[in-house]
Amino acid sequence: MNKYSKRREALLYHAKPTPGKIQVVPTKKYATQRDLSLAYSPGVAEPCLEIAKDVNNVYKYTAKGNLVAVITNGTAVLGLGDIGPEASKPVMEGKALLFKIFADIDVFDIEVGTKDIDAFIETVKNIAPTFGGINLEDIKAPESFEIERRLVEELNIPVMHDDQHGTAIISSAALLNALELADKKIEDIKVVVSGAGSAALACANLYVLLGVNVKNIIMFDKDGVLSKDRQDLSALQQKYANGIPAIDLKHALKGADVFLGLSAGNILTPDMLLEMANDPIVFAMANPVPEIDYDLAIATRHDIIMATGRSDHPNQVNNVLGFPYIFRGALDVRATKINEAMKMAAVRALASLAKESVPEQVNIAYGETKLNFGRDYIIPKPFDPRLIAVVAPAVAKAAMESGVATHPIHDWEKYEEELLERLGSDNKMVRLLTNRAKTDPKRIVFAEADHLDVLKAAQIVLEEGIGHPILLGDKEVILELKEELGFDADVPIFDPKKSEEDERRLRFADIFWKSRQRRGISLLDAQKWMRERNYFAAMMVNEGEADALVTGYSRSYPSVIKPMMQLIDKAPGISLIATANMMMTNRGPMFLSDTAINPDPSADDLAKIALMTAKTVKMFGMQPVMAMVSYSNFGSSPNASASKVREAVAYLHKYYPDLIVDGEIQTDFALNPEMLQKKFPFSKLAGKKVNTLIFPNLEAANINYKMLKELYKVDSIGPIILGMDKPVHVFQLGASVEEMVNMAAVAVVDAQEKEKRNKIATV
């Protein structure tokens, strides 16, 4: 994608369909006059009076306890510098989005139109009664230090400048684990820091609290080493003025144990790296270009332990590992501040989590056989679902122990369950899916690439590193659309109807005819069909000229699935093809089957559909908890529709006793754990959270998934085809660009799984 197209896409993302990235959504009913009279006058007077009696009741009757302000004056925005408060607003909205999706914290972003320290502080103090916490953001140093110091002192709610402390907390956790692997004592190490801004100073301060000797820290800024003879240093910088005048970075690094980079790209050379001590620890966190390239660094020193700020290398120091969960813990005990004890608790929680066994869901997301604590894994991955239930409680406990918590937690097990429940409303599964696809991208045929939206999806798939598109369709149209989109990458384009594809088309036809000649297919039929893009695309996958196929945007599902089923064999041991949709609901991902193929499956078919769906759920790193749903509960109806579900469940219980599946059961009982436990305590689903629904027929499944999608704007991935020997997947007619990108990611992951299966089969 060229620079103009990227710029256009970024602007469209923020402008359409609604400007900005955050909206306010009511949490109470408002349908009737009675609802409105409770929400506002006269009913609203009652909570007002209760708060007037006791100001702490504001947490009971309003959203204050889960509301954080992200506040800036726009003086140090990302790599953009002093661009002003209005121009900083998109960044602040982005930070608000991260708070919400990682920790379910609501945010108002506040852009303050002043550079005056006193005026800024007074503004924040005046609006503080609205909020449960204050996240200071993108304020230039040294003003940021004074602003944070005074607000922490003068307010009775948590205040943190994440630019400083977020990086410090995450890198400190990485440092503790790196030192353990290097078998070095923290009090003995020599640390060289490139950069002397707010983040670098905060890191150094926290390292000292962890045990680093302040005299063993040598710090550089753009003007050279910080030394006693420098007259331009701030009071905070003077603490680290340990350098010998005129010493350069190369000489400072001689024998150094740790290099911390928060400065500029490519300033650390291989020669400098070779001067460092054994098992050097290098945190090169300049973005997007680190102080030394990761591949160059590990090629230079095989004993290096390295972290960067980038997601495409091991050990990413990413602030999202910290700030959402630190504020979550602080808010939940109504802490009056975020103190050093709470920061240290976050550090130690993150360091400890990296040493624990990694959930299969995380291994799958990152394409690892098994992530283990070691040089390439010294801090947790951002997609690790345990973060909220580990870091937030550690912070909350530290707040209580240090005396700044005003609302202590007593039932920690219940609290951790509540934290995990908060993660159900976001799209983490989509991020996990695409991240996994990126670990081993595959060649994907887009069979309708002469449609603008399909081509746009293919462009995103390529640029995001999800897969390598192969474009099918009218070549002239595709080239025109590519130019319109700014899609200038050189990707394969094939038109099955053109003479240039005669050889391949005839070869495909001959192969297909020979495999089906005793099933009523003539060679002429095969040659004619190979002019059609879906037949041609399927044969590309069959013959290994592509790894996966996605199609169906412009034609009805039945017409597209037919050639797939004619050309693609069923997977080994499979006698039935089915489909499942993954729905991103408020309670987390839900799998629904069979949503597209089998009109009236038998009991035997339902059992097979359940087994294939369970395998797919596991492919996404989840443990399937499956309800076989009906209009009846456990034998309450003798009707054939309910009976076949019962029969399928009985078969699964007998032959697959470890599978968590039960039924027949009504959907409301399946999705309400308390009601299910009370009414049917004998069920295998009792006390568990159902994540998969197997419907008794196509009509019920299809209606339900489309109703969820349209009524509640639930994102859907699917229908995911189950049981095919090759990774072929069909879009719903008129699918959105986002849906097609997600399905392409599914196709890549499916191809990865099938490749793994085939390797095992040949061993």
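Refer to the structure above for everything that follows.
## A few points about unusual backbone geometry
Here the amide bond leading from Ser41 into Pro42 is cis, since omega sits at 5 degrees, within 30 degrees of zero. If you trace the backbone, Pro42 turns up in the loop between α2 (33–39) and α3 (45–53). The amide bond that connects Gly718 to the next residue, Pro719, takes the cis arrangement and shows omega of 0 degrees. Considering the arrangement of structural elements, one finds Pro719 in strand β20 (residues 715–722). A positive phi angle, near 50 degrees, is found at Asp138, a position not held by glycine. For Asp138, the position within the fold is in the loop between β3 (133–136) and α7 (143–154). Despite not being glycine, Asp279 has its phi angle at roughly 50 degrees, a positive value. Following the sequence through the fold, Asp279 ends up in the loop between α12 (270–274) and β9 (281–284).

## Quick word on helix α17 (residues 387–401)
The end-to-end C-alpha distance of α17 is 21 Å, a good match for the 21 Å that 15 residues give at a rise of 1.5 Å each. When you tally the buried positions in α17, you get eleven out of 15 residues, the bulk of the element. Every buried residue of α17 is listed here: Leu387, Ile388, Ala389, Val391, Ala392, Pro393, Ala394, Val395, Ala396, Ala398 and Ala399. In this structure, the buried residues of α17 make contact with α5 (85–103), α14 (323–332), α15 (340–353) and α18 (412–421).

## Quick word on the sheet that holds strand β13 (residues 493–494)
By definition, the strands of a sheet pair up through backbone hydrogen bonds, in either a parallel or an antiparallel sense. Strand order across the open sheet formed by five strands is β13-β12-β11-β14-β21, with parallel pairing between neighbours. The open sheet terminates on both sides in strands that have one partner only, identified here as β13 and β21 (728–730).

## Section: a nonpolar patch on the surface
A contiguous nonpolar patch, built from Leu78, Leu80 and Ile83 and spanning about 300 Å² of accessible area, is present on the exposed surface. With respect to the helices and strands, Ile83 occurs in the loop between β1 (67–72) and α5.

## Description of the sheet that holds strand β6 (residues 217–221)
Strand order in the open sheet formed by six strands is β7-β6-β5-β8-β9-β10, with mixed pairing between adjacent strands. Unpaired on one side and paired on the other, β7 (224–225) and β10 (305–308) mark the two borders of the sheet. For strand β5 (residues 191–194) and strand β8 (residues 258–261), the ladder comprises four bridges, and the chain directions are parallel. Across the sheet, residue Val192 finds its bridge partner in β8, namely Phe259. Here helix α8 (residues 162–182) sits on the sheet in contact with β8, β9 and β10, set at roughly 155 degrees to β9.

## Here we look at the packing of helix α26 (residues 603–619) against helix α27 (residues 640–655)
One way to put it is that α26 packs onto α27 with a least axis distance of 8 Å and a crossing angle of 55 degrees. Our classification of the angle between α26 and α27 gives oblique. Here α26 runs over α27; the crossing is right-handed. The segment α26 lies against α27, with Ala603, Leu606, Ala607, Ala610 and Leu611 engaging Lys644, Val645, Glu647, Ala648, Tyr651 and Leu652. Looking at side-chain class alone, the contact of α26 with α27 contains nine nonpolar, no polar and two charged residues.

## Some details on the nonpolar core
Membership of the largest hydrophobic core comes to 86 residues, with the highest contact counts inside it found for Phe283 and Met342. A total of ten residues in this core trace back to one element, the largest contributor, which is α8. Leaving out residues up to four positions away in the same chain, Phe283 has contacts with Ser171, Ala174, Leu175, Tyr207, Phe259, Leu260, Gly261, Ala307 and Ile378. By size, the runner-up hydrophobic cluster in this structure holds 72 residues, among which are Val362, Val430, Ala578 and Met626.

## Focus on the environment of Gly635
Examined against the element boundaries, Gly635 turns out to sit in the loop between β17 (625–629) and α27. Classification of Gly635 as partly exposed rests on a relative accessible area of 43%. Separated by ten residues in the primary sequence, Gly635 and Val645 have C-alpha atoms spaced 9.8 Å apart.

## A few points about the environment of Leu201
Considering the arrangement of structural elements, one finds Leu201 in helix α9 (residues 198–210). With a relative accessible area of 2%, Leu201 lands in the buried category. Taking the C-alpha atoms as reference points, Leu201 and Gln237, 36 residues apart in sequence, are found 7.2 Å from one another. Setting aside residues up to four positions removed in sequence, Leu201 forms contacts with Phe145, Ala196, Met219, Leu236, Gln237 and Tyr240.

## Here we look at the pattern of salt bridges
All told, the structure shown has 50 salt bridges when counted by the stated rule. Put simply, Asp450 and Arg533 hold a salt bridge, and the shortest N to O gap is 2.8 Å. Of the two residues, Asp450 sits in the loop between β11 (442–446) and α20 (452–463) while Arg533 sits in helix α24 (residues 533–542), which places them 83 residues apart along the sequence. Across this residue pair, the class does not change: Asp450 and Arg533 are buried. The salt bridge partner of Glu500 is Lys475, with a shortest N-O separation of 3.9 Å. One end of the pair, Glu500, is in the loop between β13 and α22 (502–516); the other, Lys475, is in helix α21 (residues 475–485), and 25 residues separate them in sequence. When its relative accessible area of 53% is taken as the criterion, Glu500 is described as exposed. You can call Lys475 partly exposed: its relative accessible area is 31%. Connected via shared salt-bridge partners are Glu501, Glu503, Arg504, Arg507 and Glu545.

Thresholds applied
- Residues numbered from 1 in each chain as written.
- Predicted model: local features only at pLDDT ≥ 70, side-chain atom pairs only at ≥ 80, totals over all residues.
- Heavy atoms only, no water.
- Helix = DSSP H or I, 4+ residues; strand = E, 2+ residues; numbered from the N terminus.
- Expected span 1.5 Å × (residues − 1).
- Buried < 20%, exposed > 50% of the residue type's maximum accessible area, 1.4 Å probe, protein only.
- Contact = heavy atoms within 4.5 Å.
- Pairing = 2+ DSSP bridges.
- Patch = residues over 30% accessible without salt bridge, like charges linked within 9 Å, V, L, I, M, F, W, Y side chains within 5 Å.
- Areas by Shrake-Rupley, 256 points an atom, 1.4 Å probe, with all protein chains shown as cover.
- Salt bridge = Lys/Arg side-chain N within 4 Å of Asp/Glu carboxyl O.
- Axes fitted to C-alpha atoms, helices over the stretch in contact; angles between N-to-C directions.
- Parallel < 35°, antiparallel > 145°, perpendicular 65-115°, else oblique.
- Left-handed = near helix turned anticlockwise from the far one by under 90°.
- Nonpolar A, V, L, I, M, F, W, Y, C, P; charged D, E, K, R; others polar.
- Core = buried A, V, L, I, M, F, W, Y, C linked by side-chain atoms within 4.5 Å.

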